[in-house]
Amino acid sequence: MGDFVIRVLAVVAAFFLLPAVPAVAAADDDRMEKLFTFRDARITESSGLAVSPTHDGVYYTHNDSSATPTFYAVDGQGRTRATFQLRGAQARDWEAMAASRDPATGRGVLWFADIGDNLDGAWPDVSVYKVMEPATLADATLPAVRYRFRYADGARNAEGLMVHPKTGRLYVVSKEFAGSVYAAPKRLRADRVNVLRKVAGAPLMATDAAYAPDGSSYIVRTYFSATLFRPDGQTIAKVTMPELEQAESIAYTPDGKSLLTGTEGARSPVYRVPIPQDSTPTPTPTPSPAKAEDDKESAAAEDSAGGGGLTGTDILIWLAAAAAAIGVITFLARRTR
């Protein structure tokens, strides 16, 4: 019941807080388009999405949960080009994926995040699998390197994974009432558990995240919209998203000018959403949210990511949200007695 109450509070609070969030960047509805629909009947819970770093016009996705660790390569018409299995991997609760390039070889690298934990502590650790992108799009079983993680401040549920394109550093974004961005160590160890440390705040109930190709920004998706951030965690703007049944994934296009977003369900669509030009940040030398951690200034970074203190209007909005949530919970409790 406690988890249910938190989720109800989150949804109601988000509803009331939406009008209070500044800097809304509305994409041109005429330019927001359905890019393709997944045609493969096996793709029923598309939870992660990434653009291939080396194959033009190819996109990768995976299901939320599956009997086997499987991902799919699809083309711009939503047709499956190849199906891949991961050797030595589990599919406990895959929630996200990301793509990057190996700086030494230029090869594509795919990352799969087994980070879902709906009980916020059911698993002693979570995992991210690293897979070298196949040079040929043909069905195959690929070797994977498993990296295990735990959070420095306690277990939590998460659905967002992103990789900084220049440093190669991994970030996990938690899915909570008060979400956070967690940085992985600069160098990952496969022989022991790596520690994730909080470096910035994140929007309520985040379902995915992605870094811009040039590293100048990152985006965090929620069920309701998406928020664009600077690398230091400062908010740039909210970006209007298409209405989807269960928004689960987000990625940048290779040119960094648009976003791709998808949803779960059979024959689910993927939309292309242009980023309004006035919301496109100028690249800065700040490498990532983890700079605050490296400089031992994590607390200050987290405060700045929160966007300042509460105003009188904010307090009134939260009180209204809490009152509405209590009403909803009371109604449901009476219906289920």
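Rules behind the numbers
Residues numbered from 1 in each chain as written. Predicted model: local features only at pLDDT ≥ 70, side-chain atom pairs only at ≥ 80, totals over all residues. Heavy atoms only, no water. Helix = DSSP H or I, 4+ residues; strand = E, 2+ residues; numbered from the N terminus. Polar contact = N/O pair within 3.5 Å; in protein donor to acceptor, adjacent residues only side chain to side chain. Contact = heavy atoms within 4.5 Å. pLDDT = per-residue confidence, 0-100. Salt bridge = Lys/Arg side-chain N within 4 Å of Asp/Glu carboxyl O. Buried < 20%, exposed > 50% of the residue type's maximum accessible area, 1.4 Å probe, protein only. Lys, Arg positive; Asp, Glu negative; His and termini not counted. Pairing = 2+ DSSP bridges. Axes fitted to C-alpha atoms, helices over the stretch in contact; angles between N-to-C directions. Phe/Tyr/Trp six-rings, centres within 6.5 Å; stacked < 30°, edge-to-face > 60°. Lys NZ or Arg CZ within 6 Å of the ring centre and 35° of its normal. Core = buried A, V, L, I, M, F, W, Y, C linked by side-chain atoms within 4.5 Å.

Asker: Residues and numbers for the side chain of E176, please.
Answerer: Within the secondary structure layout, E176 lies in the loop between β13 (170-174) and β14 (179-183). Within polar-contact distance, the side chain of E176 engages the side chain of S174 at 2.6 Å. In this view, E176 contacts R156, N157, P203, L204 and M205; residues no more than four positions away in its chain are not counted.

Asker: Break down the confidence of the model for the protein for me, citing the residues and quoting the values.
Answerer: Scored by pLDDT, the protein comes out at a mean of 82, with 73% of its residues at no less than 70. A low-confidence stretch, residues 295-319 (pLDDT under 50), is modelled with 24 contacts involving residues beyond four sequence positions or located in other chains. Scored below 50 in pLDDT, residues 328-337 makes five contacts in the model with residues more than four places away or belonging to other chains.

Asker: Could you give an account of the pattern of salt bridges, with specific residues and numbers?
Answerer: Applying the stated criterion to the full structure yields nine salt bridges. Between D75 and R79 there is a salt bridge; the shortest N-O distance is 3.0 Å. Between D191 and R189 there is a salt bridge, with its nearest N and O atoms 2.8 Å apart. Note on R189: relative accessible area 34%, which makes it partly exposed. When salt bridges that share partners are traced, they join D125, R146 and R148 into one network.

Asker: Tell me about the side chain of E248, residues and numbers included.
Answerer: Relative to the helices and strands, E248 resides in strand β20 (residues 247-252). Within the buried core, E248 has no salt-bridge partner, and the shortest N-O distance to an opposite charge, that of K175, equals 5.0 Å. Beyond its immediate sequence surroundings of up to four residues, E248 is in contact with S46, S47, E95, E159, T207, D208, Y223, G262, T263 and E264.

Asker: Describe the sheet that holds strand β8 (residues 108-114), listing the residues and the values that go with them.
Answerer: Read across the open sheet, the eight strands follow the order β7-β8-β9-β11-β15-β14-β13-β12; overall the sheet is mixed. Where the open sheet ends on each side, the last strands, each with one partner, are β7 (96-101) and β12 (158-163). Mean inter-strand twist for the sheet, computed between neighbouring axes without regard to direction, equals 30 degrees. Here strand β9 (residues 126-132) pairs with strand β11 (residues 145-151) via five bridges, running antiparallel. Each residue of the ladder has a partner; that of Y129, found in β11, is R146.

Asker: A description of the sheet that holds strand β21 (residues 258-263) should follow, citing residues and the corresponding values.
Answerer: Strand order in this open sheet of four strands is β2-β22-β21-β20, and the pairing throughout is antiparallel. Each having just a single partner strand, β2 (33-37) and β20 make up the two edges of the open sheet. The average undirected angle you get between the axes of adjacent strands in this sheet is 25 degrees. Pairing geometry for β20 and β21, over five bridges, is antiparallel. Bridged to A247 within β21 is T263.

Asker: So what's going on with the environment of A73? Which residues, and what values?
Answerer: Along the chain, A73 turns up in strand β5 (residues 70-74). Note: C-alpha distance between A73 and H62 (11 residues apart in sequence) is 9.2 Å. If sequence neighbours within four positions are ignored, A73 has contacts with V58, Y59, Y60, R79, T80, R81, A82, F84 and L137.

Asker: Account for the packing of aromatic side chains, with residues named and values stated.
Answerer: Per the counting criterion, the structure on display carries 11 aromatic pairs. Here W94 and F112 contribute two aromatic rings whose centre-to-centre distance is 5.1 Å and whose plane-to-plane angle is 25 degrees, an arrangement assigned as stacked. Of this pair, W94 sits in the loop between β6 (80-87) and β7 while F112 is found in strand β8, placing the two residues 18 residues apart along the sequence. With relative accessibility at 2%, the residue W94 sits in the buried group. Connected via pairs of aromatic rings, a cluster forms that spans Y60, F71, F84, W94 and F112. It is R156 that lies over the ring of Y151; its NZ or CZ is 5.9 Å from the centre.

Asker: Account for the nonpolar core, with residues named and values stated.
Answerer: If you look at the biggest cluster of nonpolar residues, it comprises 19 residues, and the most contacted ones within it are W111, V128, F149, L161 and L170. Mapped onto this core, the elements with two or more residues apiece are β7, β8, β9, β11, β12 and β13. Every residue in contact with W111, bar those within four places of it in the chain, is listed here: A96, M97, A98, S100, V128, Y129, K130, Y147, L161, V163, L170 and L188.

Asker: Please give an account of the pairing of β11 that cites residues and values.
Answerer: Across three bridges, β11 lies against strand β15 (residues 194-202) in parallel orientation. Its bridge partner lying in β15, Y151 is registered against L196.

Asker: How would you explain the environment of D232 if you had to name every residue and give the values?
Answerer: Among the secondary structure elements, D232 is positioned in the loop between β18 (226-229) and β19 (235-239). Taking C-alpha positions, D232 is 9.8 Å from S216, a pair spaced 16 residues apart along the chain. One polar contact links the side chain of D232 to the main-chain amide nitrogen of Q234, over a distance of 3.0 Å.

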